[in-house]
Amino acid sequence: MKIVLCSSEVVPFAKTGGLADVCGALPPALEKLGHEVVVITPRYKTSNIQVPAPIVRIGENIRVCFIEHHNYFGREGLYGDPGGEYQDNLERFTHFCHKSFEVLKEIKFSPDIIHCHDWHTALIPVLLKTNYQHDPFFRGSRSVLTIHNMAYQGIFPKFKYERLGVHGRLFHPQALEFYDQVNVLKGGIIFAHALTTVSPQYAKEIQTREFGCTLDGVLRNRAQDISGILNGLDYETWNPKDDPFLNFPYDAAGAHELKINNKLVLQVTLGLPSREDVPLFGFVGRLCAQKGLDLIRDVVDAIAAKGGQVIFTGVGDRKYHRMIEEAAGRHPHHVGKILKFDEGIAHKIYAASDFFLMPSTYEPCGLGQMIALRYGSIPVVYKTGGLADTIHLYDPIHKTGNGFIFTEYTKASFIKAVDEALKVYHQKDQMKDLLDAAMRYRFSWEKSAREYVKVFEKCLS
Ligand code: ADP
């Protein structure tokens, strides 16, 4: 099968979150199954490309084509700057979508499947069924749209509609209009041949009012065409045994001792008392309401009072930057922080921490908890979306499970899960067993890639 993956972020070139990890790991997994894959992505100012050529290769032989546009992509941020979202995001990603078709012709790659991701590329399914409907080059092509987060839909004022470069009649509730505004994701949901999202649980949730972010009705209309495919983890990139960012690399066998060394170093880096007998909770993620920071604010004092330490890394909403800074001010011996996007610090936190806090209000899949398991940091999570699909309550008697879960979104319930975690922490044998089980857990990309192939085959049949 000939597959092109179009995405606004792809590891190792640009990343703000899990979308980039997925779009960097899925193409090689599909290639390993014998498919021919091409990737198209913007070339940002920050894209980490050494060669001047607009095509580089990943995996065995996957071409990555970069769409260059100095005005649109030659900026510091991917979607915005500290002042907010860029005002011309519709124009930027509309350009990207149109250009993707041209690039495919230039490289003579007539795809069976055009695999799009999130609103930035959701115009592509619309273009395929309208502007390119009669183009012989794309006659056999089918589009699949993967939704990584329903909260980001690409909503713009009506006057921008004409800049999409599609027919006027598509400004319609059955296409790109939503309450007199442009909604790009909605267009993709209606026009794509198939839809996927990144966990089975989230696939069900987005069809409900609570999680559908106002498009639940549109999604229910396509219920037959929606699949939930859990993300995998790239176990080569995320490998504590061979991680250039770690002072003390380790594997499952040596984790119990070596994680402590990583912890002592990180405590020093962050100005915290360097003590191996203190339970350390890590947080790595975008600083936004979705990631449960309002609940963390209420719980961080309780963790400090119980003698634990919490380390944060992240960037995002100003109010959460302030909240974390205030917590660090209140608890200088218990709360550490590095508030920026820093790959190295993220790896160090996964490695140093005993537990990983992920009380997301909703979570399409979540990679943080998967990475944490791989590094032997035991997740403490709210039971939602992909967290519900990947984290199972640890049972010390039967020695099953891989983390701690709370099911009511309240401070009391979260603290109870933290207390359970601390109880196990103080039972050295149990903690060792749990650490061992967590690190051996696998979320395989091969399995996920096979599921994507099934969806692709169904579109083509
Ligand atoms: P989301 O896609 O919603 O942001 P995920 O848990 O799926 O959340 O993926 C987050 C990814 O981004 C992980 O690879 C995580 O390590 C990384 N990440 C998030 N914030 C930072 C940061 N401040 N520095 C480095 N990496 C980060």
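Residues numbered from 1 in each chain as written. Predicted model: local features only at pLDDT ≥ 70, side-chain atom pairs only at ≥ 80, totals over all residues. Heavy atoms only, no water.

**A look at the domain arrangement of the chain**
- Entries for the chain in the domain assignment read domain 1 (2-232 + 445-460) and domain 2 (252-440).
- Taken together, the contact between domain 1 and domain 2 spans 19 residues of the former and 18 residues of the latter.
- At the boundary of domain 1 with domain 2, total buried surface from both sides reaches about 1400 Å², with 60% on carbon and sulfur atoms.
- Linking domain 1 with domain 2 are zero salt bridges.
- Between the two partners, domain 1 and domain 2, sit eight residue pairs in polar contact (both at pLDDT 80 or more).
- Breaking the side of domain 1 that touches domain 2 down by element, the ones donating at least two residues are α1 (18-32) and α6 (200-205).
- Top contributing element to the side of domain 1 that touches domain 2 by residue count: α6, with four residues. (Domains from an automatic or database assignment. Contact = heavy atoms within 4.5 Å. Buried area = accessible area lost by both parts, 1.4 Å probe. Salt bridge = Lys/Arg side-chain N within 4 Å of Asp/Glu carboxyl O. Polar contact = N/O pair within 3.5 Å; in protein donor to acceptor, adjacent residues only side chain to side chain. Helix = DSSP H or I, 4+ residues; strand = E, 2+ residues; numbered from the N terminus.)

**So, the site of the ligand**
- In the vicinity of the ligand there are 21 residues, among which Lys 15, Gly 18, Arg 286, Lys 291 and Tyr 350 approach most closely.
- One of the side-chain nitrogen or oxygen atoms of Lys 15 is found 2.8 Å away from an oxygen atom of the ligand.
- Within the backbone of Lys 340, an N or O atom sits 2.9 Å from a nitrogen atom of the ligand.
- Taken by itself the ligand offers 560 Å² of open surface, and the protein chains cover 93% of this.
- Those elements that place two or more of their residues in the shell around the ligand are α1, α11 (343-352) and α12 (368-374).
- Looking at the shell around the ligand, its residues break down into eight nonpolar, six polar and seven charged.
- Residue contributions to the shell around the ligand reach at least three from each of two domains, namely domain 1 (2-232 + 445-460) and domain 2 (252-440). (Near = heavy atom within 4 Å. Areas by Shrake-Rupley, 256 points an atom, 1.4 Å probe, with all protein chains shown as cover. Nonpolar A, V, L, I, M, F, W, Y, C, P; charged D, E, K, R; others polar.)

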